[in-house]
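Tertiary structure, described
This is what each chain is made of:
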Amino acid sequence: MSGSSFAPRVLDLLDFESVRRELLDLALSDDGRALIAEQAVLTERERIEELLDAVGDWKMRMTLAGPEPAFEFPPIAERLRRLAKEGAVADGADLAAIAIFVLSGLKLKGYLSRSAPDRPRGTESALQRRAAELPELPDLSAEIRSVIGPDGALRDERVPELRTIRHRIVRLHGEIDELARRHLSGNRSMWQTDVPTDRDGRTVLPLKADYRGRVEGIVHEVSASGATLYVEPFDIVERNNGLVEAHNRYRQEVARILRLLSERVRASLAPLEALVERVAFLDSLRARARYAKLHSCTRARASEHGLLLRSARHPPLGAKAVPIDVEVDEDTKVLVVTGPNTGGKTVALKTVGLLSAMNQFAMEIPAAEGSALPLFDAIYLDIGDEQSVAGSLSTFSAHMRNLSAILESATARSLVLLDEVGSGTDPEEGTAIAVALLERLRETCALTVVTTHNGAIKGLGVSREGIMNASVAFDAASLSPTFRIVMGAAGESRAIDIAERNGLNRAIVARAREYLDVTGGDLSRALRDVERRGLELAERASACERTEEALRKKEGALEERERAVRSRETALRAGDVRELADFLRESRRRLENLVRELRSSEIGREQTVKVKGFIAELDRRAEEEEERLQAAGDLFEERSSAPVPARPRALAPGAEVLVGAERRRGTVLRRQRGDRWLVACKTLRMTVRESDLVVVASEDQTAAVTLSVGDVAADNRPEIQLDLRGMRLAEALRSLELQIDRAVLAGLGEFSVVHGLGEGVLQQGVHAFLRESPRVVDFRFSRPEEGGYGRTVVLLA
């Protein structure tokens, strides 16, 4: 029924032991199972978080890293204890088991030493640190496996001495068989059968008694009837003696090998025992990860105060479990769960206790992401019929004795679970005791969860601070419970409805309703009204959350669209600049051709018309490009003038953050140890890893940044021809680097650099810089008429 701290009786009533039994089945080794069986529920937060980190790492490997290697960990702890005695010799099966265990330990270390798929390179997880502690004994395993097979049989073909003896034994068997065949086939009438037999490891022949003395040899045995003598002919005796000697030598050699290997194992006892211990520990973590994967479990966040379970399931119920949501804020100390019979109140009570115990057993819990649990120093439970005939205790007396023990032992960090408190005696007196008890527990314990049908206790959730009602929802149409929890609303027992559904006489049901209307209808109606209003408020809150989420998604979509528009306009702007550059190159080429024509011939009317036409076309094209670029710049400047959020500030107390995958909004309270922060989310406080937090920029951190293409172009426009003459080399190279950057941003694919001739220092420095620049695809000196060796043309990627 109950017990102090995490007593075995409490854990068993919470169905924790059925969870532990499933963990035992998932373990690979006997030592891992033994460790899980004896491990206790923990109360140290750091230890729990460390183990949960390792369990999560292993679960991630199971999900993303592909199948595990084939591990086999036979039981060797007892074998090692026997070998610890000086002179003890292990048999082949013992040594084979040790070799297999060591080999699997090496595979386990290699598997866990690799970085988990979700971890950054160069970082080491808790699981990797544990794996690094596994002793390596590759030579021992290889030495054993070189002469002993997995089944414990000796591989004599790999040992020269044994191989020689084995060949001699085979040869002697062949010689004996040949001699026996000759004797038996020589005079068939002398022999009872033509098949030799064996007596004490020696081959003998079945001679008829009538032919005694016809065969020289040793008589080993006479049949019961006296008709058959089992004779070993003298020519076979010598070979039988050799065979016996060979077998003795073989056994001696095997004993020598087993003795040497046993000594080798005994010399490595300390690392072997450490390997067994650490493999057992890692096996216990692996079993937890397997359980989490099989039951779709998630890691509960650490909550300083309050409790939150989302879609929590009672694992022993399997597929029949109906997920429930339970949310208790930090100001609530007592949760009163009400509702119809068989509606799931007791299951909800046990689910809170079981998942709390599983969390502190370093297990992920069968609940959705976002669940959070506080750390309890003990769980106390009062449930069921505790009547004791032997101890002369009634059900009520047993409950009172148990509650007295709970009041004496429970602390401000304890979880107390009470089923049907105040029942089993006079209703008025039971109610008085229950109310007084809950008021005391409200003052002394971290959290008390109680189930009841008592109307006065339901009223505490309305009239007392720190006490909150919750109910098991009831489907009025089908007159059946839905097994879901509704927070903040008291539920009716619906006993009359359920009685009617189960076939109680209609006249009795009608009379019962009349009696209820006279004696207790007001309270029932009030509770129904409160429940209805609570459901309406819950629905409104849910609708607000859905609207907020939709707006958040819409805002994100608009921001993404704005970024896409800006990116597109930037690309268009760059394209316009490239088109302008192409236009200038083509104009320059045509102008150079006209100049060459004018230089090579007399200037006539035809040439004059060509020049005037070219200049007119150049003016017209320039005006068109200027108008188009101005229009594009105005559009981009208009779109780019929207405020751009500044970078979120760093984590610090008071910062607004989004928590976890579900993006619950919270406020940072203070930094905990390591990379963990204490965060308040509405009514909950929880400890969260820094990687699970996203800082939200507040309104006063958002600055309006106006970006104008025209301004950028004016300040950072690349030069078509960069003149470096008169500059020192360092200054010239800085100007050249800036020119390349501006040209790349503007989409300018070609420009020229005027460096002059002089002593050639500037020219050589510019060319060396261009050769090393990854953005320059080619460069060359200009044609003589364009500057020759004093000017370099640069082509960009």
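Look a little higher up for the structure.
Source: prediction; values computed, not measured.

Right, let's talk about the environment of Asp 382 for a bit. Tracing the chain through its elements places Asp 382 in strand E10 (residues 378-382). Asp 382 gets classed as buried once you look at its relative accessible area, which sits at 4%. Residues Asp 382 and Val 416, 34 residues apart in the sequence, show an inter-C-alpha distance of 8.3 Å. Within the structure, Asp 382 has its side chain in polar contact with the side chain of His 399 (distance 2.7 Å).

Turning next to helix H12 (residues 345-360). Between the first and last C-alpha of H12 there are 23 Å, a value that for 16 residues agrees with the 22 Å anticipated at 1.5 Å per step. Burial within H12 is extensive, with 14 of its 16 residues counted as buried. One or two positions beyond H12, positive phi appears at Ala 362, with a value near 60°.

With that out of the way, let us pick up the packing of aromatic side chains. Overall, the coordinates contain five aromatic pairs when judged by the stated rule. Seen in terms of ring centroids, Phe 73 and Phe 101 are 5.0 Å apart; in terms of plane orientation they differ by 70°. Their pairing is edge-to-face. Of the two residues, Phe 73 sits in the loop between helix H4 (45-64) and helix H5 (77-83) while Phe 101 sits in helix H6 (residues 92-113), which places them 28 residues apart along the sequence. Given a relative accessible area of 7%, Phe 73 falls into the buried group. For Phe 101, a relative accessible area of 0% translates into the label buried. An aromatic cluster is defined as three or more aromatic residues linked by ring pairs; in this entry it consists of Phe 71, Phe 73, Phe 101 and Tyr 111. The ring of Tyr 250 has Arg 166 sitting right over it, with the charged end atom 4.7 Å from the ring centre. A cation over an aromatic ring shows up here: Arg 199 above the ring of Tyr 230, its NZ or CZ 4.4 Å from the ring centre.

Looking now at the side chain of His 755. If you trace the backbone, His 755 turns up in the loop between strand E21 (750-754) and helix H22 (761-772). For His 755, a relative accessible area of 5% corresponds to the buried category. Only 2.7 Å separates the side chain of His 755 from the side chain of Thr 792, close enough to count as a polar contact. Setting aside anything within four residues of it in sequence, one finds His 755 in contact with Arg 725, Leu 762, Gln 763, His 767, Phe 781, Tyr 789, Gly 790, Arg 791 and Thr 792.

In this section: the sheet that holds strand E23 (residues 791-796). The four strands are arranged E20-E21-E23-E22 in an open sheet whose pairing can be described as mixed. In the strand order of this sheet, the two ends are held by strand E20 (721-723) and strand E22 (776-781), each with one partner. On average, each strand axis in the sheet is inclined to that of its neighbour by 25°, with strand direction left out of account. In this sheet, E21 lies alongside E20 in parallel orientation, the contact comprising three bridges. Each bridged residue has a counterpart across the sheet, and for Leu 722 the counterpart in E21 is Val 753. The sheet strands contacting helix H21 (residues 729-746) are E20, E21, E22 and E23, and the helix crosses E21 at an angle near 165°. Contacts from H22 reach E21, E22 and E23, with the element oriented near 155° to E22.

Inspection of the secondary structure assignment puts Gly 760 in the loop between E21 and H22. Using a relative accessible area of 12% as the deciding quantity, one classes Gly 760 as buried. Sequence separation between Gly 760 and Tyr 789 is 29 residues; the distance between their C-alpha atoms is 9.6 Å.

On to the pairing of strand E15 (residues 656-659), then. Bridge analysis of E15 against strand E16 (residues 664-671) gives four bridges, and the strand direction is antiparallel. Residue pairing across strands places Val 657 opposite Gly 666, the latter belonging to E16. Bridge count for E15 against strand E19 (residues 693-695) is three bridges, and the pairing is antiparallel. Looking across to E19, one finds that Val 657 is bridged to Val 695.

The rules we used
- Numbering of residues starts from 1 in each chain and follows the order in which that chain's sequence is written.
- Residue-level local features of this predicted model are given only where pLDDT is at least 70; pairs of side-chain atoms are given and counted only at 80 or more, and the full residue set underlies all totals for whole chains, interfaces and linings.
- By convention in this description, side-chain values take in all heavy atoms of the structure and omit both hydrogens and water.
- Runs of E in the DSSP output that reach at least two residues are strands. Runs of H or I that reach at least four are helices, and both are numbered from the N terminus.
- Exposure categories follow from relative accessible area, calculated using a 1.4 Å probe and restricted to protein chains: below 20% of the type maximum is buried, above 50% is exposed, and the middle band is partly exposed.
- A 3.5 Å cut-off defines polar contacts: any pair of N or O atoms within that distance qualifies, except that in protein one atom must be a possible hydrogen donor and the other a possible acceptor, and neighbouring residues in sequence count only when both atoms are side-chain atoms.
- By definition here, a helix of n residues has an expected span of 1.5 Å times n minus one.
- Pairing of aromatic rings covers Phe, Tyr and Trp, the last counted by its six-membered ring, and requires centre-to-centre distances within 6.5 Å; plane angles under 30 degrees mean stacked, over 60 mean edge-to-face, and any other angle means tilted.
- To sit over a ring, a charge needs its Lys NZ or Arg CZ within 6 Å of the ring centre and within 35 degrees of the ring normal.
- Any two residues having at least one pair of non-hydrogen atoms within 4.5 Å are treated as being in contact.
- We call two strands paired when DSSP finds no fewer than two bridges between them.
- Axis angles are defined between N-to-C directions and span 0 to 180 degrees, where every axis is a line fitted to C-alpha atoms and, for a helix, only to the segment in contact.

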